Amino acid sequence: MANIKFSAFTQKAASADVDFLVGYTGADNVRIAPSVFDNIYLPLAGGTMTGATNHGDNIKARFGTGLDAYIEHDGTNTYIVNATGSLDVRAASNFVIKNSAGSENILIATPDGAVKLYYNASKKLETTDVGATIT
């Protein structure tokens, strides 16, 4: 195949406006239909995730304009870091913290109700309307 030089490129905003993409493999020129890339990349302007995202150790999932918050796992521990303001956790009903297996409650907080604290799956403290009950 003869070497072909491209003198100008036209920018297109939508893949529907493009018949094919041109590239070079180091040995050959290639043409690729834009549809090859459909549904394999998350759109930069937002979109719906339909699968998991995998983050290796020490890779931060960042939120905010300037590393305002992030979630990270270092191979041993996981960190949820909020570098600005407060970390506000909301739940529609009970807020529950369990062990990693999900088999034991550690804390249960009920809106307009009790907060229960557990030790080894046994309730040790529960707030009430008049104070707290310690077991």
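Residues numbered from 1 in each chain as written. Predicted model: local features only at pLDDT ≥ 70, side-chain atom pairs only at ≥ 80, totals over all residues. Heavy atoms only, no water.

*Asks:* Explain the overall build of the protein residue by residue, including any values.
*Replies:* The secondary structure content of the protein amounts to zero helices and 10 strands. Sorting the 135 residues of the protein into buried and exposed places 7% on the buried side. Sequence-distant contacts, at least 24 apart, represent 2% of the contacts inside the protein between residues at least 6 apart. Accessible area of the protein: about 11,400 Å², with a carbon and sulfur share of 53%. (Helix = DSSP H or I, 4+ residues; strand = E, 2+ residues; numbered from the N terminus. Buried < 20%, exposed > 50% of the residue type's maximum accessible area, 1.4 Å probe, protein only. Contact = heavy atoms within 4.5 Å. Areas by Shrake-Rupley, 256 points an atom, 1.4 Å probe, with all protein chains shown as cover.)

*Asks:* So what's going on with the pairing of strand S7 (residues 105-109)? Residues and values would help.
*Replies:* Taken together, the four bridges between strand S6 (residues 95-98) and S7 define a ladder with antiparallel strand orientation. Bridging from a neighbouring strand, Phe-95 pairs with Ala-109 of S7. As consecutive antiparallel partners, S6 and S7 are separated by six residues, and within that stretch Gly-102 has a phi angle of approximately 75°, a positive value. Pairing of S7 with strand S8 (residues 115-119), which is carried by three bridges, proceeds in the antiparallel orientation. Bridge pairing links Leu-107 to Leu-117 in S8. (Pairing = 2+ DSSP bridges.)

*Asks:* Now, about the side chain of Glu-72: what can you tell me, with residues and values included?
*Replies:* Summarising the element assignment, Glu-72 is placed in strand S4 (residues 69-73). Here Glu-72 falls in the buried class, since its relative accessible area comes to 12%. Once residues within four sequence positions are removed from consideration, Glu-72 is found in contact with Asn-58, Ile-59, Lys-60, Asn-77, Thr-78 and Tyr-79.

*Asks:* Could you give an account of the sheet that holds S4, naming the residues involved and the relevant values?
*Replies:* If you walk across this open sheet you meet the three strands as S3-S4-S5, and the pairing is antiparallel. Both outer strands of the open sheet, strand S3 (61-63) and strand S5 (78-82), are each paired with one neighbouring strand and no more. Averaged over all pairs of adjacent strands, the angle between their axes in this sheet comes to 10°, without regard to strand direction. Sheet analysis places S3 next to S4, joined by three bridges and oriented antiparallel. (Axes fitted to C-alpha atoms, helices over the stretch in contact; angles between N-to-C directions.)

*Asks:* Outline the sheet that holds S6, supporting the account with residue identities and numerical values.
*Replies:* Here we have five strands laid out as an open sheet, ordered S6-S7-S8-S9-S10, and antiparallel in their pairing. Taken across any chain shown, the strands that pair with only one partner, and hence form the sheet edges, are S6 and strand S10 (131-134). With direction set aside, neighbouring strand axes in the sheet form an average angle of 10°. Relative to S10, strand S9 (residues 122-128) runs antiparallel, the two being bridged by four bridges. The residue bridging Leu-125 from the neighbouring strand is Ile-134, located in S10.

*Asks:* Run through the pattern of salt bridges, naming residues and quoting values.
*Replies:* Inspection of every chain in the model, using the stated rule, returns three salt bridges. For Asp-88, the salt bridge identified is with Arg-90, shortest N-O distance 2.9 Å. (Salt bridge = Lys/Arg side-chain N within 4 Å of Asp/Glu carboxyl O.)

*Asks:* I'd like a rundown of the environment of Tyr-79, residues and numbers included.
*Replies:* Along the chain, Tyr-79 turns up in strand S5. Residue classification places Tyr-79 among the partly exposed residues on the basis of a relative accessible area of 35%. Here the alpha-carbon distance between Tyr-79 and Lys-60, two residues 19 residues apart in the chain, equals 9.4 Å. Once you skip the residues sitting within four places of it in the chain, Tyr-79 turns out to touch Tyr-70, Ile-71, Glu-72 and Asp-74. In this structure the side chain of Tyr-79 is engaged in a polar contact, spanning 3.1 Å, whose partner is the side chain of Asp-74. (Polar contact = N/O pair within 3.5 Å; in protein donor to acceptor, adjacent residues only side chain to side chain.)

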